[in-house]
Every structure is written in structure tokens, then in C-alpha cells.
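# A structural walkthrough
Chain by chain, the residues run as shown.
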Amino acid sequence: MAKDSYRTVKGRVNAIGYPPDERLMPYLEQAGFGSAALIRTFALRYDLLSALVERWRPETHTFHFPCGECTVTLEDVALQLGLPIDGSPVTGVSAFAEPAAICYSLLGDSPQPDDEESTLTDLKFTWLRGKFGQLSANATEGELMCAARAYIMHLIGGVLMPDSNNNKVHIMYLPLLADLSNARSYSWGSAVLAYLYRELCRLTKPTAVDMGRCLTLLQSWALYRMPFLASVSHQPYVYPLVNRWSIYPGIERSYTVPIYRMMIEQHAGEGFIWMPYRRPEIAAIIPSSVYVDSHMWCTNAPIISFNVVEWYHGDRVLRQFGCV
């Protein structure tokens, strides 16, 4: 792309729209989504994200900055979102003979065939909020489990793996939540990263005009490593780390793509922070359980989410893990 030209790809803010009922938290924790359920909404800067896309190389799944190669890693997924990164691949059947039966079995309800809120394969967020946004005071354990599954589905489709429309979630994830205690055994973090890699590769094509997937993670990753892109500093750290930018939105001033491009070119050489999570104030708030799978952070392996398979090149960004 010529230096005097640019494009801004657009999308919708990653958000779930309502906080979980406190009674759902034990079930969300059991399923491995307890930390992710705490993720808040913050404004996405599509000019910043577009400037990052310009430096993405599909061949290596890395950004090429003046400081060298870098990328969003499994470490970032674990610390920024609090998702499990090891375990079984997130995959299964994407087409079902009787999706209504699956909904009744796992959600306790199903959209009607003529319901415009959802289709046979997709559940609209408006339907999920309408059915599960408000729970009765005497909800049974079965109803709470159904509501927890509905919340996770909304979380998957609204924050972790949304498409560019960000208004529905595919039913293919629901069977993986049948046993909430077993849901934690899936590598949800790898699935999120696989979709983000695939989306970044797609966005390098000149015809791409919309942007989806976990943009919250991408933007937070950039701000932690290139704090000169944020207009406010000295913000408190909270866990999951992505919430730092929602409580105190440190990027109130949004620049254009050429300005972000110039800032990256001028400051990313010496100003890029390779290991932002080593700071004592950050390390102090990260649960020790997050480091159980730290041996996976710099591995080389395929990362999978149903039909999306992308290669994870941890060895190309060893400086992000303290290596030469």
C-alpha cells in the first residue's frame, strides 16, 4: 500500500451487553469462562487496527515492526482474556439435523421456526438476552446451568469470536457446553487466536472492508506493547488485563491511519515493550493458575477452531518470552 494512501476497515464493538448474574459465576468458572465473563466493553479504534493490519504478514502470522517480528501469542490470550490455552481442539459437528432439539436440551428453550430473532444454525443475541438476561429469584439449578450456557454462547459470539456483524453466534459451540465441567478441557484460547489470525490474513486483501473476531484482544495487545499509542498513562492494572482500557479508556484521542502509521514507524523501534507482563504491578494481579500452561506459549503447533486451522509460530517471536 502506498504511503500516501490508506484504508480503514470497520466493524462493531466487541461486547456482550449485560453482566452475568452472580449466581452464574460458579458455573462460568467451572467451564473455564469465569475470567472472560469479567471482560468489559471499551471503544475500538479502527484506524489503529487498520494500521496494524498493514504490518501483518500472512506467511508468518506476525507483524513486521521497526523492532522486528512480533505477534499476538497464547501468552497474550491467557493473560489478557483469562482463557484456557491447552486441551482438546474446539471442533465438532457444524451442521445438525435437529438444532431445535439441541437448544431445548441444553438451553431449555428454542427459537420458533418463524422467529426472526434466530435461524436454525444461529442464535441472535437479542433472543439470548430476552430469554436469559433476567433470571427469576427462585431459578432452579437446571435453569441456572442453561443460563450459564446461554451466557457463554453470547460471550463467544459477542467478544471472543464475533463476526463483523456481531449480532449472533453459531449453534455449533453449544454441544461443547453440554457438560460444563468438561468445557474447560477445550483450548478455547487457541480457538480465539486461530480466528484472529485468519481474520488478519483476510484483512490484508484490498477488497476487505469489514473487521471481526477478537479485536478487543488485538487492540489491548498493541497498547500494552506500544503505550505511546495511548493518550493517557498511569492507569491501574486489573485482571483480565484487557480490562485496563475499559475502566480508564486510555485512548480517548483517536488518530487517523497515517498518524498511527507514523507513530509506529518513529517509536516502535526503541519503544516496543517485548515483555510487558514482567512488570511487578502486573505480575502481582495475575493468578498463579494462568502459568500452569506457560510451556505452551512459545511452541510451534496448529491452532484450531472447527474448520479454521492456522499455524502458531512461537519460535519466531522468542523475544516476547525473554529469549534471544
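Residues numbered from 1 in each chain as written. Predicted model: local features only at pLDDT ≥ 70, side-chain atom pairs only at ≥ 80, totals over all residues. Heavy atoms only, no water.

Looking up the protein in an unreviewed UniProt entry gives the name Aminotransferase-like plant mobile domain-containing protein, with the organism given as Gossypium stocksii.

## A closer look at the environment of leucine 196
With respect to the helices, strands and loops of the structure, leucine 196 is situated in helix H8 (residues 188–203). Judged by its relative accessible area of 1%, leucine 196 is buried. It is 24 Å that separates the C-alpha atoms of leucine 196 and glutamate 265, two residues lying 69 residues apart in sequence. In this structure, leucine 196 is in contact with Val72, Arg213, Cys214, Leu217 and Leu218, ignoring residues within four places of it in sequence. (Helix = DSSP H or I, 4+ residues; strand = E, 2+ residues; numbered from the N terminus. Buried < 20%, exposed > 50% of the residue type's maximum accessible area, 1.4 Å probe, protein only. Contact = heavy atoms within 4.5 Å.)

## Notes on the sheet that holds strand E1 (residues 56–57)
Read from one edge of the open sheet, three strands run E1-E2-E3, paired in antiparallel fashion. The sheet is open, and its two borders are formed by E1 and strand E3 (68–70), each paired with just one other strand. Alignment of strand E2 (residues 62–65) against E3, held across three bridges, turns out to be antiparallel. Bridge pairing in E3 places histidine 64 opposite glutamate 69. (Pairing = 2+ DSSP bridges.)

## Concerning the pairing of E2
Look at any regular strand and the pattern is simple: side chains alternate between the two faces of the sheet. Where E1 meets E2, two bridges bridge the pair, whose relative direction is antiparallel. If you follow arginine 57 over to E2, its bridge partner there is threonine 62. What sits between the antiparallel neighbours E1 and E2 is a turn of four residues, in which histidine 61 has the positive phi angle 60°. Counted between consecutive antiparallel strands, the loop separating E2 from E3 contains two residues.

## Some thoughts on the nonpolar core
Residues Phe33, Phe65, Tyr173 and Trp188 are the most contacted members of the largest nonpolar core, which totals 115 residues. The greatest single-element share of this core, amounting to twelve residues, is contributed by helix H6 (residues 141–160). With residues up to four places along the chain from it excluded, the contact list for tyrosine 173 reads Val90, Met153, Ile156, Met161, Trp188, Tyr195, Ser305 and Phe306. (Core = buried A, V, L, I, M, F, W, Y, C linked by side-chain atoms within 4.5 Å.)

## Some words on helix H5 (residues 125–132)
Given 3.6 residues per turn, any residue in an α-helix points the same way as the ones three and four places further on. Among all positions of H5, only Phe125, Trp127, Leu128 and Phe132 are buried. Down the axis of H5, the sector holding all buried residues measures 160°, keeping them to one side. (Arc of directions from axis to C-beta.)

## A closer look at the side chain of serine 305
Summarising the element assignment, serine 305 is placed in strand E6 (residues 300–305). Leave out the neighbours within four places in its chain, and serine 305 touches Val90, Met161, Tyr173, Ala191, Ala194 and Tyr195.

## What about the side chain of glutamate 199?
Its place among the elements puts glutamate 199 in helix H8. A distance of 2.8 Å separates the side chain of glutamate 199 from the backbone nitrogen of glycine 212, its partner in a polar contact. Look past the residues within four positions of glutamate 199 in its chain and what remains in contact with it is Asp210, Met211, Gly212 and Arg213. (Polar contact = N/O pair within 3.5 Å; in protein donor to acceptor, adjacent residues only side chain to side chain.)

## Brief notes about the packing of aromatic side chains
Within the structure shown, the criterion is met by 16 aromatic pairs. Their ring planes at 90° and their centres at 5.5 Å tell us that tyrosine 173 and phenylalanine 306 sit as a pair that is edge-to-face. Placement of the pair is tyrosine 173 in the loop between strand E5 (168–170) and helix H7 (180–183) and phenylalanine 306 in the loop between E6 and strand E7 (308–313), with a sequence separation of 133 residues. Comparing tyrosine 173 with phenylalanine 306 shows no difference in burial state: the two are buried. Three or more aromatic residues joined by ring pairs form one cluster here, namely Trp56, Phe63, Phe65, Tyr197, Trp221, Phe272 and Trp274. Seen from the ring of tyrosine 224, arginine 244 lies directly overhead, with NZ or CZ sitting 5.6 Å from the centre. (Phe/Tyr/Trp six-rings, centres within 6.5 Å; stacked < 30°, edge-to-face > 60°. Lys NZ or Arg CZ within 6 Å of the ring centre and 35° of its normal.)

## So, the packing of helix H3 (residues 74–81) against H8
As a packed pair, H3 and H8 sit with axes 9 Å apart at the nearest point and diverge in direction by 115°. Considering the angle they form, H3 stands roughly perpendicular to H8. At the point where H3 passes H8, the crossing takes the right-handed sense. In this structure, H3 uses Leu74, Val77 and Leu81 to contact H8, whose residues at the interface are Gly189, Ser190, Val192 and Leu193. Within the contact of H3 with H8, the residues separate by chemical class into five nonpolar, two polar and no charged. (Axes fitted to C-alpha atoms, helices over the stretch in contact; angles between N-to-C directions. Parallel < 35°, antiparallel > 145°, perpendicular 65-115°, else oblique. Left-handed = near helix turned anticlockwise from the far one by under 90°. Nonpolar A, V, L, I, M, F, W, Y, C, P; charged D, E, K, R; others polar.)

## Some remarks on the pattern of salt bridges
Tallied over the full model, the rule gives eleven salt bridges. A salt bridge links arginine 23 to aspartate 21; its shortest N-O distance comes to 3.0 Å. Taking the relative accessible area as the measure of exposure, arginine 23 reaches 28% and is therefore partly exposed. (Salt bridge = Lys/Arg side-chain N within 4 Å of Asp/Glu carboxyl O.)

## Quick word on the environment of leucine 193
Looking at where leucine 193 falls in the secondary structure, it is placed in helix H8. Residue classification places leucine 193 among the buried positions, given a relative accessible area of 0%. Sequence separation between leucine 193 and isoleucine 304 is 111 residues, and the spatial gap between their C-alpha atoms is 8.6 Å. Leave out the neighbours within four places in its chain, and leucine 193 touches Val72, Thr73, Leu74, Val77, Ile303 and Tyr312.

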